[in-house]
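This is what each chain is made of:
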Amino acid sequence: GLFQRFAAMPDTIAVTAGQMGPIGGEWLRPADAPNDGRAILYFHGGGGIAGSPQSHRGLAGRLAAASGIGVFVPAYRLAPECWGPAAGRDGIDVYRALIAKGRDGAKVALAGDEIGGGLAFAVTLAIRNAGLEMPACVAALSPWADLSLSGLSILSNAAADRTLDWETLFLCARHVLRKSNPGDAYASPAYASFKDFPPVMVHAGAREILRDDASKLGDRAAEA
């Protein structure tokens, strides 16, 4: 029911199944999308244990309509069946596949919401460290980017946030991390260096519990 809060997908968006390397997903394309190589690689939220391209059609479809370009939403692996770096590996595999198909990395934007927002930054980190062509930009909506749950807003905004709570995030983090370090930069890009990153944009509400995660990403960007 949580994902049904997204507005309905515009009827101007065409949905088609897609495959990028070993990872399946969905393309959401406006009818008048230009054939100029631009695309958005969008990582859905869901705490790393839920969500899918289908659950986020409303959000990703509205992003496609607003931007006027195609959006690919990968069905990355979820915990508890898969954990640790699995989702990030899927993300960079999708990016490599986009490049291998002749797409210019500088025309691809990475974006996501909640843990998908953190994943967009983690995949950008992996792209940089692998020496691949960097994407055009990276954007996050209410990102969960610190799986150590150290942000004060998780407690201070608990009464105001009707969507998430500490217990839910703790259980999700436990499944996603298993025994890995919550301070690892790929798990929690709030602890990464953004040196040589492309432009970044981060949105969060002042009264949500993930506000401080967004602020930390902003701090890393300012430091770089």
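Relevant structure appears above.
Every chain begins its residue count from 1, and numbering advances along the sequence as written. Reporting in this predicted model follows two pLDDT cut-offs: at least 70 for local features of residues, and 80 or more for side-chain atom pairs to be given and counted; totals over whole chains, interfaces and linings ignore these cut-offs and use all residues. Side-chain numbers come from the whole structure's heavy atoms, not from hydrogens or water.

Visitor: So what's going on with the environment of Gly118? Which residues, and what values?
Guide: Where helices and strands are cited, they refer to DSSP runs of H or I of at least four residues and of E of at least two residues respectively, numbered from the N terminus. Position of Gly118 relative to the elements: it lies in helix α3 (residues 115-129). Placed 99 residues apart in sequence, Gly118 and Leu217 show a C-alpha to C-alpha distance of 9.1 Å. Gly118 has contacts with Pro143, Trp144, Ala145 and Pro189, leaving out every residue within four places of it along the chain. Contacts: residue pairs with any heavy atoms within 4.5 Å of one another.

Visitor: Give me the lowdown on the environment of Ala214, citing residues and values where you can.
Guide: One can find Ala214 in helix α6 (residues 211-223). Exposure remark for Ala214: the relative accessible area of 11% places this residue in the buried category. Sequence separation between Ala214 and Ala126 is 88 residues; the distance between their C-alpha atoms is 20 Å. Setting aside residues no more than four positions away along its own chain, Ala214 makes contact with Pro143, Val202 and Ala204. Three labels apply to residues, based on accessible area from a 1.4 Å probe with only protein chains included: buried if under 20% of the type maximum, exposed if over 50%, partly exposed otherwise in between.

Visitor: An account of the pairing of strand β4 (residues 70-74) is requested, with residue identities and associated values reported.
Guide: Counting buried residues along β4, 5 of its 5 residues qualify, which places the element largely inside the surrounding structure. Here β4 shows no split at all, with Gly70, Phe72 and Pro74 on one side and Val71 and Val73 on the other all buried. For two strands to be treated as a pair, DSSP must find at least two bridges joining them. By the bridge criterion, 4 bridges tie strand β2 (residues 23-30) to β4 in an arrangement that is antiparallel. Counted as the bridge partner of Glu26 is Val73 from β4. Inspection of the sheet shows strand β3 (residues 39-43) paired to β4 by 3 bridges, in the parallel sense. Opposite Ile40, over in β4, you have Val71 as the bridge partner. Call a crossover right-handed when, viewed with both strands pointing away from you, the route from the first strand across the helix to the second goes clockwise. Each parallel crossover has a hand, and the one from β3 via helix α1 (residues 57-67) to β4 is right-handed.

Visitor: I'd like a description of the nonpolar core, backed by residues and values.
Guide: Put simply, buried Ala, Val, Leu, Ile, Met, Phe, Trp, Tyr and Cys residues joined by side-chain atoms within 4.5 Å make one nonpolar core. Ranked by size, the top nonpolar core spans 46 residues in total, and within it Leu41, Phe43, Leu110, Trp144 and Leu169 carry the most contacts. Elements with a contribution of two residues or more to this core: β2, β3, α2 (86-100), β5 (108-113), α3, β6 (137-141) and α5 (166-177). It is α3 that provides the largest number of residues to this core, a total of 8 residues. When neighbours within four sequence positions are excluded, Leu169 is seen to be in contact with Trp144, Leu149, Ile154, Leu164, Ile209 and Leu210. If you look at the next biggest cluster of nonpolar residues, it comprises 12 residues, including Ile40, Val71, Val73 and Ala139.

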